[in-house]
Amino acid sequence: MSAADDQDFMRRALALALRGWGRTHPNPMVGCVIVEDGNVVAGGFHREDGGLHAEREAMASLMRNPRAGATLYVTLEPCSTKGRTGACTDAIIAAGIGRVVAGATDPNPEHAGRGFDVLRAAGVEVVTGVLGPECADMNLIFNHWITRRAPLLAGKIAATLDGRIATRTGESKWITGEESRADVHRWRRLFPAVAVGAGTVMTDNPSLTSRVEGEPETCRIRFVFDGRLRSVVSGTLPRVYTDAFATSTIVVTTQHAGIGYVRKLREMGVGVWVFESPSGRVPFAQFRLKCASEGVSGVLFEGGAQLLSRALIERQLDYLFAYHAPVVFADERAKSVLGGLRTERLSQAIRLSGVRRLTLGDDSLVRGSVVYPDKVQIDENLFSLG
């Protein structure tokens, strides 16, 4: 097989892996194809936690032993530990597959490269790193979780080219187009949880569900950051507290909230996490620890601006999705997407690494890991977050 052939077949495996989008947590998405004489004869993907691994599903779908000279393409290094379904390296060796082409290496430091070593020791030819960045990228939540034992906290912004999310009168629907909004719903389906601030819940009254064409509406965990339970005091309750998915909602608050309102939410079936805080602000570091203890591997923060700004100030935002529309307000009184820092020099700027770009209609998406400078100055006078 040529390098171009290997990439073509790996793309087939990637397409299969993506069919598990949002269904495999806490496991990664993995796809696999088996190729004989230049033709794909079987394929499989990891469908859900506890189900067959992609390699085993592909071999099962073949319903016979692969022919001599067959190549197995898999997006992630085959596992070499027994687990619940048995080591995939054992199954590959037993099937007599002579060549394995892999995309990403297992991110778990305890296992990274071990599967490749086992296969090579058994006489299997192993090729690694084929479309490696693409194979690793689709499992960005899993990779962060398995290497840091902590959730990936990601932020989403949708702004004009000059960084504004609403006009001076508050109008914001819609700055970005339909394709960008559909892409957000796709990411909602992947992340185990989404989060917003009290202001967003009270102003926009969002449902925070995932609505993807051709798929049933789904609802992940919905976190509402409301340090003083303003969203409960305000009269009409937001839909996330009363709709059919209300039991998927968790309000994140502090001891400054009234105990009666906490009791009211819990009686409605809404979850409440209460954190100790000297102010009405929920401490992000403590929220991260609580998510880790509850097995929540990733949270997508969708707003508002104050909540995302506070996450950056506390250096707790790991990843950023930045959608931009070809729109310019050129109005200093329009609402800015982020604030709270005093960036006097370029060396103090927050940057993104591992950047990936996508065009969505007339809009653009830039996403990547957040890299913080060594030192930043905080301007607490720019806003307060209650």
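Note that the structure is predicted; figures quoted are calculated from it, not measured. Along each chain, residues carry numbers from 1 onward, in the same order as the chain's sequence is written. Where totals are concerned, whole chains, interfaces and linings use all residues; where local detail is concerned, this predicted model gives features only for residues with pLDDT of at least 70, and gives and counts side-chain atom pairs only at 80 or more. Hydrogens and water molecules were not included; the side-chain quantities draw on all heavy atoms of the structure.

Colleague: Before we move on, could you go through the overall build of the chain and cite the residues and values that matter?
Modeller: Secondary structure is summarised from DSSP: a helix means a run of H or I of at least four residues, a strand means a run of E of at least two, and numbering begins at the N terminus for each. Within the chain, the regular secondary structure consists of 12 helices and 18 strands. Note on exposure labels: buried denotes an accessible area under 20% of the residue type's maximum, exposed denotes more than 50%, and partly exposed covers the range between, all computed with a 1.4 Å probe on protein chains only. Residues classed as buried in the chain amount to 51% of the 386 residues present. Within the chain, residue pairs in contact and separated by at least 24 positions form 72% of the contacts whose partners lie at least 6 positions apart. Using a 1.4 Å probe, accessible areas were evaluated by the Shrake-Rupley method; residue-level cover was limited to the displayed protein chains. Element-wise, carbon and sulfur atoms account for 49% of the exposed surface of the chain, whose accessible area totals about 17900 Å². What makes two residues a contact is simply this: any of their non-hydrogen atoms within 4.5 Å.

Colleague: Describe the sheet that holds strand β1 (residues 31–36), naming the residues involved and giving the relevant values.
Modeller: In space, the 5 strands of this open sheet follow the order β2-β1-β3-β4-β5, with mixed pairing throughout. The open sheet terminates on both sides in strands that have one partner only, identified here as β2 (39–45) and β5 (125–127). The sheet shows a mean angle of 20 degrees between the axes of neighbouring strands, taken without regard to direction. Across 6 bridges, the pairing between β1 and β2 is antiparallel. Counted as the bridge partner of Gly-31 is Phe-45 from β2. Against the sheet, helix α1 (residues 3–17) makes contact with β1, β2, β3 (71–76) and β4 (99–104), and its axis sits at roughly 140 degrees relative to β1, the strand it touches most. DSSP calls a pair of strands paired once it identifies at least 2 bridges connecting them. Interaxial angles span 0 to 180 degrees and are taken between N-to-C directions of axes, which are lines fitted to C-alpha atoms, for helices over the stretch in contact.

Colleague: Lay out the state of the cysteines with the relevant residues and their values.
Modeller: Only a pair of cysteine sulfur atoms within 2.5 Å qualifies as a disulfide here. Tallied over the full model, the rule gives 0 disulfides. Take Cys-219: it sits in no disulfide, and the sulfur closest to it among the cysteines is that of Cys-291, at 15 Å. Under the relative-accessibility criterion, Cys-291 is labelled buried at 0%.

Colleague: So what's going on with the sheet that holds strand β6 (residues 152–159)? Residues and values would help.
Modeller: Reading across the sheet, the 9 strands line up as β11-β10-β9-β8-β12-β6-β13-β17-β16 and stay open at both edges, with mixed pairing between neighbours. The sheet is open, and its two edges are formed by β11 (271–275) and β16 (351–360), each paired on a single side. Strand-to-strand twist of the sheet, defined as the mean angle between neighbouring strand axes without regard to direction, takes the value 20 degrees. Examined bridge by bridge, strand β9 (residues 221–225) and strand β10 (residues 249–254) share 4 bridges and lie parallel to one another. When the sheet's bridge partners are listed, Val-224 is paired in β10 with Val-251.

Colleague: Describe in detail the environment of Ala-193, supporting the description with residues and values.
Modeller: Here Ala-193 is to be found in strand β8 (residues 193–197). In this structure Ala-193 comes out as buried when scored by relative accessible area, which is 0%. A sequence separation of 82 residues divides Ala-193 from His-111, and the C-alpha atoms of the two residues are 27 Å apart.

Colleague: Help me get a handle on the confidence of the model for the chain, residues and values and all.
Modeller: In the predicted model, the chain carries a mean pLDDT of 92, and 96% of its residues have values of at least 70. Per-residue pLDDT stays below 50 along residues 380–386; that stretch engages in 20 contacts with residues further than four places along the chain or on separate chains. Values of pLDDT, which run from 0 to 100, indicate the predictor's confidence residue by residue.

Colleague: Describe the pattern of salt bridges, with residues and values.
Modeller: Should a side-chain nitrogen of Lys or Arg be within 4 Å of a carboxyl oxygen of Asp or Glu, the pair is scored as a salt bridge. Taken as a whole and judged by the stated rule, the model has 19 salt bridges. Across the pair Arg-356 and Asp-137 runs a salt bridge whose closest N-O atoms are separated by 3.5 Å. One end of the pair, Arg-356, is in strand β16; the other, Asp-137, is in helix α5 (residues 132–137), with 219 residues separating them in the sequence. Classification of Asp-137 by relative accessible area gives buried; the value is 17%. Each of Glu-36, Asp-37, Arg-64 and Arg-67 takes part in one network of salt bridges that share partners.

Colleague: Give a detailed account of the environment of Phe-245, specifying residues and quantitative values.
Modeller: In this fold, Phe-245 is placed in the loop between α9 (230–233) and β10. Along the chain, Phe-245 and Ser-207 lie 38 residues apart, while their C-alpha atoms are 9.1 Å from each other. When sequence neighbours within four positions are dropped, the list of residues in contact with Phe-245 reads Thr-209, Glu-217, Cys-219 and Arg-222.

Colleague: Break down the nonpolar core for me, citing the residues and quoting the values.
Modeller: By nonpolar core we mean a set of buried residues, namely Ala, Val, Leu, Ile, Met, Phe, Trp, Tyr and Cys, connected to one another through side-chain atoms within 4.5 Å. Trp-187, Phe-191 and Phe-321 are the most contacted members of the largest nonpolar core, which has 69 residues in total. No other element matches the 6 residues that α1 contributes to this core. The contacts of Phe-321, once residues within four sequence positions are left out, are Ala-154, Gly-155, Lys-156, Ile-157, Trp-187, Phe-191, Leu-300, Leu-365, Val-366 and Arg-367. Among the nonpolar cores identified, the runner-up in size contains 30 residues, and Ile-157, Val-252, Ala-311 and Leu-320 belong to it.

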